[in-house]
Amino acid sequence: MSSALTDLFPHPIVQAPMAGGVSVPRLAAAVADAGGLGFLAAGYKTADGMYQEIKQLRGLTGRPFGVNLFMPQPEYADPAAVEVYAHQLAGEATWYETELGDPDSGRDDGYDAKVAVLLDNPVPVVSFHFGIPSSDALESLRRAGIFTLVTATTPEEALAVQYAGADAVIAQGVEAGGHQGTHRDLPEQDGSGLGLLSLVAQIRETVTLPIVAAGGIMRGSQIAAVLAAGASAAQLGTAFLATHESGAHDVHKQALTNPLFVRTELTRAFSGRPARGLVNRFLREHGPYAPAAYPEVHHLTAPLRKAAAKAGDAQGMALWAGQGHRLARELPAGQLVEILAAELDAARTALSGKGDLR
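Residues numbered from 1 in each chain as written. Predicted model: local features only at pLDDT ≥ 70, side-chain atom pairs only at ≥ 80, totals over all residues. Heavy atoms only, no water.

Observations regarding the overall build of the protein
Per the secondary structure count, the protein includes 14 helices and eleven strands. For the protein, the spread of C-alpha atoms along the three principal axes comes to 60 × 45 × 40 Å. Looking at the protein as a whole, 57% of its 358 residues qualify as buried. Sequence-distant contacts, at least 24 apart, represent 69% of the contacts inside the protein between residues at least 6 apart. As displayed, the protein has an accessible area near 14,700 Å², and 52% of this comes from carbon and sulfur atoms. Positive and negative side-chain charges of the protein, numbering 27 and 37 respectively, have mean locations separated by a distance of 6 Å. (Helix = DSSP H or I, 4+ residues; strand = E, 2+ residues; numbered from the N terminus. Buried < 20%, exposed > 50% of the residue type's maximum accessible area, 1.4 Å probe, protein only. Contact = heavy atoms within 4.5 Å. Areas by Shrake-Rupley, 256 points an atom, 1.4 Å probe, with all protein chains shown as cover. Lys, Arg positive; Asp, Glu negative; His and termini not counted. Charge placed at Lys NZ, Arg CZ, Asp CG, Glu CD.)

The structure is reproduced here in structure tokens:
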């Protein structure tokens with residue numbers, strides 16, 4: 001298995017790129033300096049906004065890092081269904097004293113411009129969510145010296161990633177917080193995702209690419225488990241969301257371990273695409289009626305989410321979190337990497353029969 005990826009960072013720990021202002025440069029720098037792979041999230045940013053964050057991150061660390069891009073989405077949403085959902089959300093707009101967003105605010109997330117910037121200013125690693133780049137794009141990035149990863153949620157998607165020419169695959173289990181990176185958004189498959197260990201094992205037998213395992217990982221012992229299942233590294237999002245350097249709203253950080261939020265659920269309520277978050281009032285009231293319409297619903301609810309965050313109202317925010325959220329530790333990100341690495345070493349020692357299995 002290629003070590004081109006894991007040679008970039010001492011510990012097999014990847015900080016997941018969390019869009020929406022969470023994966024800020026200071027977080028990626030802290031993770032990188034501690035020996036993990038830090039990531040910037042370019043989703044929902046302009047190409048220039050991404051470039052400015054890359055410049056800022058380079059000023060904070062000399063270690064390798066990654067940038068994540070969202071793939072453009074096909075136009076298949078039903079405008080009538082979006083309009084009906086907008087009417088349903090009218091009461092939310094009144095409550096938060098704001099207007100609903102324009103559902104037609106764009107669907108390609110500035111993808112081509114961002115790829116052009118990265119080709120002109122290469123970074124060590126680029127990952128992709130919601131689909132697969134063209135083989136030509138992946139080859140151009142490789143020629144620029146960029147290592148490419150693409151998210152897959154099934155063995156079939158992983159095989160398509162390999163055929164396209166990516167360097168590695170991110171195996172995202174159904175436990176993962178935030179958006180599921182399915183290549184096609186099929187409502188009839190909602191809730192049918194594979195658990196991470198099963199997914200990693202199946203992908204390991206399907207492709208020869210290195211695997212980065214993602215989904216619900218919060219402890220070093222879980223990293224050891226996915227490595228034993230065939231992954232080369234583990235990607236953690238929720239674990240880093242609670243760290244000091246994370247750009248997440250304080251209300252979001254506190255909600256991870258708040259006993260008021262006892263479980264997570266996959267929902268289309270906030271974005272129109274399945275995403276795992278803490279179950280709050282907004283999710284309960286609107287999730288059952290949200291259409292399959294991404295990014296239309298994302299644009300529609302953006303002002304509501306912003307207003308709820310400004311008011312400190314956790315019941316109206318998109319509280320993205322994985323199934324392991326109750327295990328979150330509010331620590332500096334670098335210290336978390338060190339603790340995870342120590343837990344991983346302890347787990348490996350125990351599994352080798354040289355230590356206490358308790």
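Quick notes on the sheet that holds strand 8 (residues 211-214)
Strands sit in the order 1-9-8-6-5-4-3-2 across an open sheet of eight strands; the sheet is parallel. Across the chains shown, the open sheet's two edge strands, defined by having one partner strand only, are strand 1 (13-15) and strand 2 (38-41). Going from strand to strand, the sheet's axes swing by 25° on average, the running direction of each strand aside. Across the sheet, helix 5 (residues 111-120) lies against strand 3 (65-70) and strand 4 (125-129), angled at about 160° from strand 3, the strand it touches most. (Pairing = 2+ DSSP bridges. Axes fitted to C-alpha atoms, helices over the stretch in contact; angles between N-to-C directions.)

Focus on helix 2 (residues 47-60)
Given a rise of 1.5 Å per residue, 14 residues ought to cover 20 Å, and the 20 Å separating the end C-alpha atoms of helix 2 matches this to within 8%. The complete set of buried residues in helix 2 reads Ala47, Met50, Glu53, Ile54 and Leu57. The buried residues of helix 2 occupy an angular sector of 125° when the element is viewed end-on, so they sit on one face. Facing away from the buried side of helix 2, by more than 90 degrees, are the exposed residues Asp48 and Gly59. In this structure, the buried residues of helix 2 make contact with helix 1 (25-33), strand 2, strand 3 and helix 5. (Expected span 1.5 Å × (residues − 1). Arc of directions from axis to C-beta.)

Topic: the pairing of strand 4
Within strand 4, five of the five residues are buried, which leaves it mostly tucked inside the rest of the structure. Taking every second residue as pointing to the same face, both faces of strand 4 are buried, with Val125, Ser127 and His129 on one and Val126 and Phe128 on the other. One ladder, built from five bridges, connects strand 3 with strand 4; its direction is parallel. Its bridge partner lying in strand 4, Asn68 is registered against Ser127. Alignment of strand 4 against strand 5 (residues 147-152), held across four bridges, turns out to be parallel. Of the residues in strand 5, the one forming a bridge with Val125 is Phe147. Handedness of the crossover joining strand 4 and strand 5 through helix 6 (residues 135-143): right-handed. (Right-handed = clockwise from strand over helix to strand, strands pointing away.)

As for the packing of aromatic side chains
Applying the stated criterion to the full structure yields six aromatic pairs. Where Tyr44 meets Phe70, the ring centres are 5.2 Å apart and the plane angle is 80°; that geometry is what we call edge-to-face. Taken together, the residues span a long stretch of sequence, with Tyr44 in the loop between strand 2 and helix 2 and Phe70 in strand 3 at a distance of 26 residues. Exposure remark for Phe70: the relative accessible area of 9% places this residue in the buried category. Between Phe270 and Phe282 the ring centres are 4.7 Å apart and the planes differ by 20°, which places this aromatic pair in the stacked class. Taken together, the residues Phe270 in the loop between strand 10 (264-267) and strand 11 (275-278) and Phe282 in helix 12 (residues 281-286) connect sequence positions twelve residues apart. Judged on exposure class, the residue Phe270 and its partner Phe282 are both buried. Three or more aromatic residues joined by ring pairs form one cluster here, namely Tyr44, Phe70, Phe130 and Tyr294. (Phe/Tyr/Trp six-rings, centres within 6.5 Å; stacked < 30°, edge-to-face > 60°.)

Concerning helix 8 (residues 196-204)
Buried within helix 8 are the following residues: Leu196, Leu199, Val200 and Ile203. All buried residues of helix 8 fall inside an arc of 100° around its axis, so they share one side. Looking at the packing, one finds that the buried side of helix 8 touches strand 5, helix 7 (155-164), strand 6 (168-172), strand 8 and helix 9 (220-229).

Focus: the side chain of Lys114
Of note, Lys114 is situated in helix 5. Under the relative-accessibility criterion, Lys114 is labelled buried at 2%. In this structure Lys114 touches Ala42, Gly43, Tyr44, Lys45, Thr46, Ala47, Met50, Leu69 and Asp109, once residues within four positions along its chain are discounted.

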